[in-house]
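# Architecture at a glance
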Amino acid sequence: MQPVVSYQCPACGTMTPADRPLWRCGCGSPLNLTPGRGLGRGDIDRAAATLWRYRAALALGHPPRVSLGEGWTPLVARRWAGAPVLFKLESQMPTGSFKDRGTAVMLNHLIEVGVGPIHEDSSGNAGASIATYAAAAGLACRIYVPTTAPRGKIVQIAASGAELRAIPGSRQAVTDAALAAAATSFYASHNWQPFFIEGTKTLAYEVWEQFGFAVPDNILVPTGYGSNILGLERGFDELERNGEIARRPRLFAVQAANCAAFAAAWAAGASDYVPFVPGTTAADGIATVKPVRTAEVLAAVRRSQGAVVAVPEAAIGPALRALGHLGLFVEPTAATAAAACSLLLDAGTIRPDETTVVVLTGHGLKATDTIAALLGG
Ligand SMILES: [Zn+2]
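Note that this is a predicted model, so its numbers are computed, not measured. (Residues numbered from 1 in each chain as written. Predicted model: local features only at pLDDT ≥ 70, side-chain atom pairs only at ≥ 80, totals over all residues. Heavy atoms only, no water.)

### With respect to the overall build of the protein
This is how the line gets drawn: Strands here are runs of E lasting at least two residues and helices are runs of H or I lasting at least four, both read from the DSSP assignment and numbered beginning at the N terminus. As defined in this context, the radius of gyration uses C-alpha atoms, and a globule is described by 2.2 Å times the residue total to the power 0.38. Accessibility here uses a 1.4 Å probe with only protein chains present; expressed as a share of the type maximum, an area under 20% marks a residue as buried, one over 50% as exposed, and anything in between as partly exposed. Contacts are residue-level and defined by heavy atoms, with any inter-residue pair within 4.5 Å sufficient. The method behind every accessible area is Shrake-Rupley, applied with a 1.4 Å probe, and residues are considered shielded solely by the protein chains displayed.
Scanning the protein from N- to C-terminus turns up 12 helices and 13 strands. Computed over the C-alpha atoms, the radius of gyration of the protein is 19 Å, within 12% of the 21 Å expected from 2.2 N^0.38 for a compact globule of 377 residues. Across its three principal directions, the C-alpha atoms of the protein cover 55 × 50 × 40 Å. By residue count, 57% of the 377 residues in the protein fall in the buried class. A separation of at least 24 residues holds for 70% of the contacts in the protein among residues at least 6 apart in sequence. Summed over all atoms, the accessible surface of the protein reaches about 13500 Å², with 53% contributed by carbon and sulfur.

### Focus on the coordination of the zinc ion
Stated formally: Here a donor is an N, O or S atom found within 2.8 Å of the metal, or within 3.2 Å if the metal is Na, K or Ca; sites may look incomplete because water is not among the atoms. Site shape is set this way: if four donors have all angles between 85 and 135 degrees, tetrahedral; if opposite donors are over 155 degrees apart and all others between 65 and 115, square planar for four donors and octahedral for six; otherwise irregular.
At this site the zinc ion is bound by Cys-9 (SG), Cys-12 (SG), Cys-25 (SG) and Cys-27 (SG), with donor distances of 2.2 to 2.3 Å. Considering all 4 donor atoms around the zinc ion, the spread of angles at the metal, 106 to 117 degrees, places the coordination shape in the tetrahedral class. Classification of Cys-25 by relative accessible area gives buried; the value is 10%. Its relative accessible area of 45% is what places Cys-27 among the partly exposed residues.

### Section: the environment of Thr-103
Rules: Polar contacts, as counted here, are pairs of nitrogen or oxygen atoms within 3.5 Å of one another; within protein the pair requires one atom able to donate a hydrogen and one able to accept it, and residues that are adjacent in sequence qualify only if both atoms are side-chain atoms.
The topology assignment puts Thr-103 in helix H1 (residues 99–112). For the pair formed by Thr-103 and Pro-216, sequence separation is 113 residues and the distance between their alpha carbons is 26 Å. Those residues in contact with Thr-103, other than ones at most four positions away along the chain, are Ser-129, Ile-130, Tyr-133 and Phe-196. Polar side-chain contacts of Thr-103 include one of 2.8 Å to the side chain of Ser-129.

### A closer look at the nonpolar core
To be explicit about the condition: To define a nonpolar core, start from buried Ala, Val, Leu, Ile, Met, Phe, Trp, Tyr and Cys residues and group those joined through side-chain atoms within 4.5 Å.
Counting residues in hydrophobic clusters, the biggest one holds 45 residues, and the most contacted among them are Ile-118, Ile-143 and Phe-195. Where this core is concerned, the elements lending two or more residues are H1, helix H2 (125–137), strand S7 (141–146), helix H3 (151–159), helix H4 (171–180), strand S9 (186–187) and helix H5 (195–200). Not counting residues within four places of it along the chain, the set of residues in contact with Phe-195 comprises Val-5, Tyr-7, Ala-18, Leu-33, Ala-59, Leu-60, Gly-102, Val-105, Met-106 and His-109. With 35 residues, the next largest nonpolar core counts Ile-197, Leu-203, Ile-245 and Leu-298 among its residues.

### Details of the pattern of salt bridges
Definition in use: We define a salt bridge as a contact between a side-chain nitrogen of Lys or Arg and a carboxyl oxygen of Asp or Glu at a distance within 4 Å.
Summed over the entire model, instances satisfying the criterion amount to 21 salt bridges. A salt bridge links Lys-201 to Glu-238, with the shortest nitrogen-to-oxygen separation between them at 2.9 Å. Here the residue Lys-201 occupies a position in the loop between H5 and helix H6 (202–210), and Glu-238 occupies one in helix H7 (residues 227–241), the gap between them amounting to 37 residues. For Glu-238, a relative accessible area of 0% translates into the label buried.

### Things to note about the packing of aromatic side chains
Applicable threshold: Aromatic rings from Phe, Tyr and Trp, taking only the six-membered ring of Trp, are treated as a pair when their centres fall within 6.5 Å; an angle between ring planes under 30 degrees marks them as stacked, one over 60 as edge-to-face, and anything in between as tilted. Working rule: Lys NZ or Arg CZ, within 6 Å of ring centre, within 35 degrees of ring normal, means a charge sits over the ring.
Tallying each qualifying case throughout the model produces 8 aromatic pairs. Ring centres 6.3 Å apart and planes at 65 degrees place the aromatic pair Tyr-273 and Phe-276 in the edge-to-face group. Residue classification places Tyr-273 among the partly exposed residues on the basis of a relative accessible area of 25%. Residue Phe-276 is classed as buried on the basis of its relative accessible area, which comes to 18%. Three or more aromatic residues joined by ring pairs make a cluster, and in this case those are Tyr-54, Tyr-205, Trp-208 and Phe-213. Positioned over the ring face of Trp-72 is Arg-53, at 3.8 Å from the centre of the ring. Seen from the ring of Tyr-273, Lys-290 lies directly overhead, with NZ or CZ sitting 4.3 Å from the centre.

### Examining the pairing of strand S13 (residues 356–360)
Short version of the rule: When DSSP finds at least two bridges between two strands, those strands are taken to pair.
Extensive coverage of S13 is indicated by the burial of 5 of its 5 residues. Here strand S5 (residues 83–89) runs beside S13; their pairing, made up of 4 bridges, is parallel. Looking across to S13, one finds that Leu-89 is bridged to Leu-360. When strand S10 (residues 218–222) meets S13, the two strands line up parallel, connected through 3 bridges.

### Quick word on H2
Quick note on the threshold: Helices are assigned an expected span. That span is 1.5 Å times one less than the residue count.
Over its 13 residues, H2 extends 18 Å from the first C-alpha to the last, a length consistent with the 18 Å expected when each residue adds 1.5 Å. Looking at H2, one finds that the buried residues are Asn-125, Ala-126, Gly-127, Ala-128, Ser-129, Ile-130, Ala-131, Tyr-133 and Ala-134. Directly after H2, the chain includes Gly-138, whose backbone phi takes a positive value near 75 degrees.

### Let's talk about the pairing of strand S6 (residues 118–121)
The following threshold applies: Here, the term right-handed applies to a crossover whose path from the first strand over the helix to the second runs clockwise when the strands point away from the viewer.
Of the two faces of S6, the one holding Ile-118 and Glu-120 and the one holding His-119 and Asp-121 are both buried throughout. With 4 bridges joining them, S6 and S7 adopt parallel strand pairing. Across the sheet, the residue bridging to Ile-118 is Cys-141, located in S7. Note on the crossover from S6 through H2 to S7: the handedness is right-handed. By the bridge criterion, 2 bridges tie S6 to S9 in an arrangement that is parallel. Counted as the bridge partner of Ile-118 is Phe-186 from S9.

### Some details on the sheet that holds S9
The test is simple: Each axis is a line fitted through C-alpha atoms, and for a helix only the stretch in contact is used; angles between axes span 0 to 180 degrees, taken between their N-to-C directions.
Taken in spatial order, the 4 strands make up an open sheet running S8-S7-S6-S9, and their pairing is parallel. The two strands at the open ends of the sheet, each matched to only one other strand, are strand S8 (163–167) and S9. Sheet topology note: the S7/S8 ladder contains 5 bridges and is parallel. Of the residues in S8, the one forming a bridge with Tyr-144 is Arg-165. Contacts from H3 reach S7 and S8 within the one sheet, and its direction differs from that of S7 by about 170 degrees.

Okay, structure coming up:
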């Protein structure tokens, strides 16, 4: 089969056809995909109420072998902090988080090129997503999680039949365990394997179509490793190159101030990782100490003329409660984006007369213990 795209190494420049399971370059760097062909509005498969309506833009050779109906999530209008805001309910994915976009496309690619057993490390949502899709595809799967991951996410992984390895210590210790296993099974890492971003780019396509083939002024996204920021950039890039949009939304990468690698670099005016002191946060899904693609995410935010926003820990609970009172039950990680929306409106960085999308990345049922504590009972 002729691969649709190639891998390109940003560090050493090596190009490799995407015709084999690969998660990083031989030089050790993460790989990127060469630019995609994108699509025009006439290429959308409107019969598919899933992300596969944009299949013409995806770098896959075949129709999907595994799908659970991911994508085409609701975009609902509410008032937030006195302004009209649209909430993108990525929480309503098959496994309850936005990760299913990336997982579905990445696993279908890996199946196309003949992957064997896979493993992954995750704070919870990506692990649950990959374990679930691996089960649906009949792939053997092992997931490494921190012992501190929310119980709901660990139970979800176990229910899929994946082998579960709970690793004590830091989040980095979990990643190190997964890296060490890369010699024996394929490391299907949502943070390394770039087909994951090929999947998250469909978020850009959906927002564009749901806006009537236009784009909002601002998009706010909870950001841990940045796969949604990079996916949005890739998607809007393709739409721009195809003449479908004339301008790009500002992207706001939202972090929890207690563990904010991108915010530390942003505050320092740096273009790559700067050391910082990580603390604990209720927003477990974005508590990333060492993002894999720091420079690319920072560059994407800068190109969009957006910003990195650090949300104080004390703002997460009230935002989660206020969302709940609007009928939007989400996990604390997702509530940070709404809290950031308040901060940006207060600061005048975004205005009520602009169009703003807040991406709610994960369902509240993922983290009921943490939510109970935040709500005070
Ligand atoms: Zn390389």
